[in-house]
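Here are the chains, one letter per residue:
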Amino acid sequence: MDSMRFWGWMCIFLFAVVAGSAAPEADAFDQARKLGRGVNLLSYDRVWESRERGRFKPKHFQLLKNAGFSRVRINLYSFRHMSNTNGWALEAQWLDTLDWIIDAALEQKLKVILDLHEFAVLGKDPAANKEQFLAFWRLISDHCQKRPDDVWFEPLNEPSEKLTEELWNGYFAEALKIIREKNPKRMVVVGPGHWNSIDHLHELVLPENDRNLIVTVHYYQPFEFTHQGAAWVNRQDKLGVSWDGTTEQRAAIKRDFDKVAAWGKKNNRPIFLGEFGAYEKADIAARERYTAAVARAAEEQGWSWAYWEFNGGFAVYDARQGKWVEPILRALIPRSPELSDVAKP
Ligand code: BGC
């Protein structure tokens, strides 16, 4: 009897050990795949100054979820809400708004990427702004440490200009070290210098032993099509460029993405397409063709993606009028339940 009890306990113990060791750790590749279809949002919204005056409402997360999106990349312009007179503390109201937004996203089961979007400030004078950059991540890393695994950090969107590839490798390593103190396993998204360009991936150097990193690239090629009429890149007069989806044009996207995939394979890192899209000054039918082609090309590589952007110049949703820009939604999610009958493919 005693020996039976002994073997009974032994079996339970062995089962627990085997089950425990078989439970896989959250694997970055798996996590990156599960991100699914996402959208960038909130960069220029007044919600950061006042919830009431902001165009963004929590119901937009419900719309996104219903449409078939699974994640949001929240673009944060936080530097103006910090001051070095009090050790770079973030304004309490700004942090409250951030919490309110994260809660609303998680409630809809949307995964969240917190993307620091102060790339222009850091690009202009990296050394002068480094302290604030690191202070921001020290604060957020502390503030969000209890958040579920579905909240990820992206230390900086599109490092560029004077924040060279070499400098960026060092800045990122320092930010990551700070993040890891309180978030040892949280997924962190990082992209190469030169505006997260695929041509600069080979210059990205990552801490080899940190396997919870997801590598991001942005894709706006051909730039003369996607940025026609865009004043912020001095193209306000350069209009009328089409994208017809010829075999050659589609092959160019595939060639570019194959290059990224090869880098990912060689370096054993998962890839995430963090931004793509075409500005509203381009012809809408061409934008639809292009957006669909890029989204499908990413999906064929097995990558998750995030469209630039929810509302604004590249909008998939017109928040002022309260309706979807259906050609763009259809391009992103062809069978979206939010498409009206006339817009269904
Ligand atoms: C920038 C936006 C810009 C977009 C496309 C983003 O990373 O923050 O200002 O509209 O890229 O150029």
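Residues numbered from 1 in each chain as written. Predicted model: local features only at pLDDT ≥ 70, side-chain atom pairs only at ≥ 80, totals over all residues. Heavy atoms only, no water.

Q: Honestly, the overall build of the protein in this entry has me stumped. Any pointers?
A: A tally of helices and strands in the protein yields 12 helices and 12 strands. Radius of gyration (C-alpha) of the protein: 22 Å, near the 20 Å computed for a compact globule of 345 residues. Over its C-alpha atoms, taken along the principal directions, the protein stretches across nearly 85 × 55 × 45 Å. Evaluated residue by residue, the protein yields a buried proportion of 52% over its 345 residues. (Helix = DSSP H or I, 4+ residues; strand = E, 2+ residues; numbered from the N terminus. Rg over C-alpha atoms; globule rule 2.2 N^0.38 Å. Buried < 20%, exposed > 50% of the residue type's maximum accessible area, 1.4 Å probe, protein only.)

Q: What is the right way to look at the nonpolar core in this model?
A: Inside soluble globular proteins, nonpolar side chains tend to come together where they are buried. Core analysis: the biggest nonpolar cluster contains 97 residues, and L114, F133 and I140 have the highest contact counts within it. Those residues in contact with F133 that sit more than four places away from it in its chain are F79, L116, L122, P155, L156, W168, Y171 and A175. I113, M187, I214 and F272 belong to the second-largest nonpolar core, a separate cluster that totals 10 residues. (Core = buried A, V, L, I, M, F, W, Y, C linked by side-chain atoms within 4.5 Å. Contact = heavy atoms within 4.5 Å.)

Q: Help me understand the confidence of the model for the protein in this model?
A: Detailed reading of the predicted coordinates is not advisable wherever pLDDT is low. Averaged over every residue, the pLDDT of the protein is 93; residues scoring 70 or more account for 92%. In this model residues 17-24 is a low-confidence stretch, pLDDT under 50, and it forms zero contacts with partners more than four residues away in sequence or in other chains. (pLDDT = per-residue confidence, 0-100.)

Q: I would appreciate a short explanation of the layout of surface pockets in the present structure.
A: Empty space left among the atoms is revealed by rolling a probe the size of a water molecule over them. Computed from the structure, the largest pocket encloses a volume of approximately 740 Å³. Around the largest pocket sit 27 residues that line it, and E158, W195, Y220, H227 and W232 are the ones nearest its centre. The set of elements that each furnish at least two residues to the lining of the largest pocket consists of α8 (193-196), β8 (213-219) and α10 (247-267). In terms of residue count, α8 provides more of the lining of the largest pocket than any other element does, three residues in total. (1 Å grid on protein atoms, 1.4 Å probe; cavity = no way out; pocket = protein on both sides within 12 Å on 5 of 7 lines; lining within 4 Å. Points joined across faces, edges and corners; volume = space filled by probe spheres on them.)

Q: Where do I start with the pattern of salt bridges in this structure?
A: For side chains bearing opposite charge, pairing can occur when the charged atoms are close. Applying the stated criterion across every chain yields a total of 20 salt bridges. A salt bridge links R33 to D30; its shortest N-O distance comes to 3.8 Å. With R33 and D30 both in helix α2 (residues 28-34), this residue pair falls three residues apart, about one helical turn. (Salt bridge = Lys/Arg side-chain N within 4 Å of Asp/Glu carboxyl O.)

Q: Would you mind showing me how to read the site of the ligand here?
A: Near the ligand you find Y44, Y77, H117, F119, N157, E158, Y220, H227, W232, E275, W308 and F314, and these make up its full shell. Between the ligand and N157 there is a distance of 3.4 Å, counted from an oxygen atom to a side-chain nitrogen or oxygen. In this structure, W232 approaches the ligand through a side-chain N or O atom, which is 3.3 Å from an oxygen atom. Protein burial of the ligand: of its 310 Å² of free accessible surface, 88% is covered by the chains. According to the grid-proximity analysis, the pocket containing the ligand is the largest pocket. (Near = heavy atom within 4 Å. Polar contact = N/O pair within 3.5 Å; in protein donor to acceptor, adjacent residues only side chain to side chain. Areas by Shrake-Rupley, 256 points an atom, 1.4 Å probe, with all protein chains shown as cover. Sits in = over half its atoms within 2 Å of the grid points.)

Q: So what exactly am I meant to see when it comes to the packing of aromatic side chains here?
A: Aromatic ring pairs are defined here through the distance separating the ring centres and the angle between the ring planes. According to the stated counting rule, one finds 23 aromatic pairs in the structure shown. With a centroid separation of 6.5 Å and 85° between ring planes, the pair formed by F69 and W305 is classed as edge-to-face. Of the two residues, F69 sits in the loop between α3 (59-67) and β2 (71-76) while W305 sits in strand β10 (residues 304-307), which places them 236 residues apart along the sequence. Here W305 falls in the buried class, since its relative accessible area comes to 0%. Aromatic pair Y219 and F257: ring centres 4.9 Å apart, planes at 70°, arrangement edge-to-face. Residue Y219 is located in strand β8, and its partner F257 is located in helix α10; the two are separated by 38 residues in the primary sequence. Both residues of the pair, Y219 and F257, belong to the buried class. Cluster of aromatic residues (ring-pair linked, three or more members): W48, W94, F136, W137 and F153. (Phe/Tyr/Trp six-rings, centres within 6.5 Å; stacked < 30°, edge-to-face > 60°.)

Q: In this structure, what is going on with the packing of helix α6 (residues 126-143) against helix α7 (residues 165-182)? I would like to understand it.
A: Helices that pack against each other are described as a pair by the angle of their axes relative to one another and the distance between those axes. Interaxial distance between α6 and α7 falls to 8 Å at its minimum, and their mutual angle equals 25°. Comparing their axes, α7 and α6 come out roughly parallel. The element α6 and its partner α7 pack so that their crossing is right-handed. Across from P126, A127, K130, F133, L134, W137, R138, S141 and D142 in α6, the residues of α7 making contact are L167, W168, Y171, E174, A175, I178, I179 and K182. Across the contact of α6 with α7, the residue classes tally to 11 nonpolar, one polar and five charged. (Axes fitted to C-alpha atoms, helices over the stretch in contact; angles between N-to-C directions. Parallel < 35°, antiparallel > 145°, perpendicular 65-115°, else oblique. Left-handed = near helix turned anticlockwise from the far one by under 90°. Nonpolar A, V, L, I, M, F, W, Y, C, P; charged D, E, K, R; others polar.)

Q: Is there a simple way to think about α6 in this case?
A: Since the α-helix advances by 3.6 residues per turn, residues separated by three or four positions end up pointing in the same direction. When the terminal C-alpha atoms of α6 are compared, their 25 Å separation across 18 residues agrees well with the 26 Å that a helix rising 1.5 Å per residue should span. Every buried residue belonging to α6 is among P126, N129, Q132, F133, L134, A135, F136, W137, I140 and S141, and all of these are buried. (Expected span 1.5 Å × (residues − 1).)

Q: Just checking my understanding: could you explain unusual backbone geometry for this structure?
A: Note: most residues except glycine have negative phi, and most peptide bonds are trans. The omega torsion of the bond from Q221 to P222 falls at -5°, within 30 degrees of zero and hence cis. Along the chain, W308 connects to E309 via a cis peptide bond; the corresponding omega equals 10°. Relative to the helices and strands, E309 is located in the loop between β10 and β11 (317-318). The backbone of E158 shows a phi angle near 40°, a positive value even though the residue is not glycine. For E158, the location among the structural elements is in the loop between β6 (151-154) and α7. Positive phi is not limited to glycine here, since W195 has a value of about 60°. Relative to the elements of secondary structure, W195 occurs in helix α8.

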